[in-house]
Amino acid sequence: MAVAGLAGTAAVVPMTQLKWAAEGATAAAGTTTTTACPATTTDAAFTAVTYGSGVHARSEPRRDQGILYTIPPGCVVGLTGYCLGERIADSTSQTPDIRWFTLADGGLIASGVVHGNPPTGLEPSRCRGDRPGPAAIALAIAPDVTGPGGWRLSATGTHVEIVGFAAYYADDPALPTERRWHQIGMTGLAAPPFDLVWKLDRLSVQPGSTAEIPVAAVACLGGGAPTDVLDVRVARPDGSSTVESLPLAADQRLAARRTACLYP
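Model, not experiment: these values are computed from the prediction.

Engineer: Describe helix α1 (residues 250-260), listing the residues and the values that go with them.
Structural biologist: Every buried residue of α1 is listed here: Q252, R253, A256, R257, T259 and A260. Buried-residue contacts for α1 involve β10 (163-170), β11 (179-187), β13 (213-222) and β14 (225-235).

Pasting the structure below:
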């Protein structure tokens, strides 16, 4: 694996200004259900499809805010961007997601309750009541004391809500040099630290192997939504790890980020 002088953590997720929802929106009384799908505006950056029993649009990215209106299921809605807010479990995959998509009128809908994703490279925007993006993360690796053949991975960080883990190893033990990144798991349903036990159940990484395995912890915004905030350590066969972070070449850094935050 190529390594180069890139640090294991990164700066705060960039944020750009976006117009706020109308003043007084939080005081809306009751829920208004639209009788037709809203028109898709020409300035939409991407679209999403509503499903289930419909989608609530709110004035801030939290469920404790008043509902502005409800969009029926089966609508293709145009979205101008997204901001970061309350963590919501994705209705389809049950994975966590902190993105809230912005409608043309400034209303916000949770990413986890629609089908659709922002285009690659679109950064979070600001919205009223939003939360800061991930700023730093640190990974610790230790032997799993609950049973043999495993590591306990633990991640902590600043403004981190969701963590994806990935490891770099070969699929075929007969071809040890053909390594790639594999997702270990993604967690965000418990308070930090974000813990995960990884059992070494593949032949190429069985206990007793002499291979040292790079493991990455990545701050995710949701499934398929990695940030550049990550930490990589080298896990040793005895279950311990290196003290220093492992810098990665740009292509390996990108592969680790994308793999760790994969949508299931």
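Engineer: Describe the pattern of salt bridges, naming the residues involved and giving the relevant values.
Structural biologist: One pass over the full model with this rule turns up 13 salt bridges. One salt bridge connects E60 with R62, and the closest N-O pair in it is separated by 2.8 Å. Look at E60 and you get buried, because its relative accessible area is 11%. The partner of E212 in a salt bridge is R236, and the shortest N-O contact between them spans 3.9 Å. One end of the pair, E212, is in the loop between β12 (194-199) and β13; the other, R236, is in the loop between β14 and α1, with 24 residues separating them in the sequence. Given the relative accessible area of 40%, E212 is considered partly exposed.

Engineer: Residues and numbers for the pairing of β10, please.
Structural biologist: Within β10, eight of the eight residues are buried, which leaves it mostly tucked inside the rest of the structure. Neither face of β10 is left uncovered, since the one carrying V163, F165, A167 and Y169 and the one carrying G164, A166, Y168 and A170 both have all their residues buried. When β10 meets β11, the two strands line up antiparallel, connected through eight bridges. Counterpart to Y169 in the pairing with β11 is R180.

Engineer: Outline the sheet that holds β11, supporting the account with residue identities and numerical values.
Structural biologist: Strand order in the open sheet formed by four strands is β11-β10-β13-β14, and the pairing between neighbours is antiparallel. Unpaired on one side and paired on the other, β11 and β14 mark the two borders of the sheet. Neighbouring strand axes in the sheet, compared pairwise and without regard to direction, differ in orientation by 25° on average. α1 contacts β10, β11, β13 and β14 of the sheet and is inclined by roughly 40° relative to β11.

Engineer: Got a sec to walk through unusual backbone geometry? Specific residues and values, please.
Structural biologist: Even without glycine at this site, Q94 takes up a positive phi of about 65°. Positive phi values are uncommon outside glycine, yet H159 reaches one of about 60°. Under the relative-accessibility criterion, H159 is labelled partly exposed at 39%.

Engineer: Residue-level account of the pairing of β14, with values.
Structural biologist: Most of β14 is tucked away: nine of the 11 residues are buried. Sheet analysis places β13 next to β14, joined by eight bridges and oriented antiparallel. In the sheet register, V218 faces β14, and the bridge partner there is L230.

Engineer: A description of the packing of aromatic side chains should follow, citing residues and the corresponding values.
Structural biologist: Within this structure, the stated rule accounts for four aromatic pairs. Consider the rings of F46 and F101, whose centres lie 5.1 Å apart with planes at 90°: the pair is edge-to-face. Remark: F101 occurs in strand β5 (residues 96-103) and F46 occurs in strand β1 (residues 46-50); sequence separation between them is 55 residues. Take F46 and F101: they sit in the same class, and that class is buried.

Engineer: Requested: an account of the side chain of T50, with residues and values cited.
Structural biologist: Within the secondary structure, T50 is located in strand β1. Classification of T50 as buried rests on a relative accessible area of 1%. Ignoring any residue separated from it by four or fewer positions in sequence, one finds T50 in contact with V55, I71, P72, P73, G74, C75, V77 and V114.

Engineer: Describe the nonpolar core, listing the residues and the values that go with them.
Structural biologist: Ranked by internal contacts, the top residues of the largest apolar core, which has 35 residues, are V77, L79, F101, L103, I109, W181 and V232. Those residues within four positions of L79 in sequence are excluded, and the remaining contacts are A44, A45, F46, T47, A48, F101, T102, L103 and I109. Within the second largest apolar cluster, 20 residues are counted, among which are W151, L153, V215 and A217.

Engineer: Kindly report on the environment of Q183, identifying the contributing residues and their values.
Structural biologist: With respect to the helices and strands, Q183 occurs in strand β11. In this structure Q183 touches F165, A166, T259, A260, C261 and L262, once residues within four positions along its chain are discounted. At 3.0 Å, the side chain of Q183 forms a polar contact with the backbone oxygen of A260. Within the structure, the side chain of Q183 is placed 3.2 Å from the backbone oxygen of L262, a separation counted as a polar contact.

Rules of the game
- Residues numbered from 1 in each chain as written.
- Predicted model: local features only at pLDDT ≥ 70, side-chain atom pairs only at ≥ 80, totals over all residues.
- Heavy atoms only, no water.
- Buried < 20%, exposed > 50% of the residue type's maximum accessible area, 1.4 Å probe, protein only.
- Helix = DSSP H or I, 4+ residues; strand = E, 2+ residues; numbered from the N terminus.
- Contact = heavy atoms within 4.5 Å.
- Salt bridge = Lys/Arg side-chain N within 4 Å of Asp/Glu carboxyl O.
- Pairing = 2+ DSSP bridges.
- Axes fitted to C-alpha atoms, helices over the stretch in contact; angles between N-to-C directions.
- Phe/Tyr/Trp six-rings, centres within 6.5 Å; stacked < 30°, edge-to-face > 60°.
- Core = buried A, V, L, I, M, F, W, Y, C linked by side-chain atoms within 4.5 Å.
- Polar contact = N/O pair within 3.5 Å; in protein donor to acceptor, adjacent residues only side chain to side chain.

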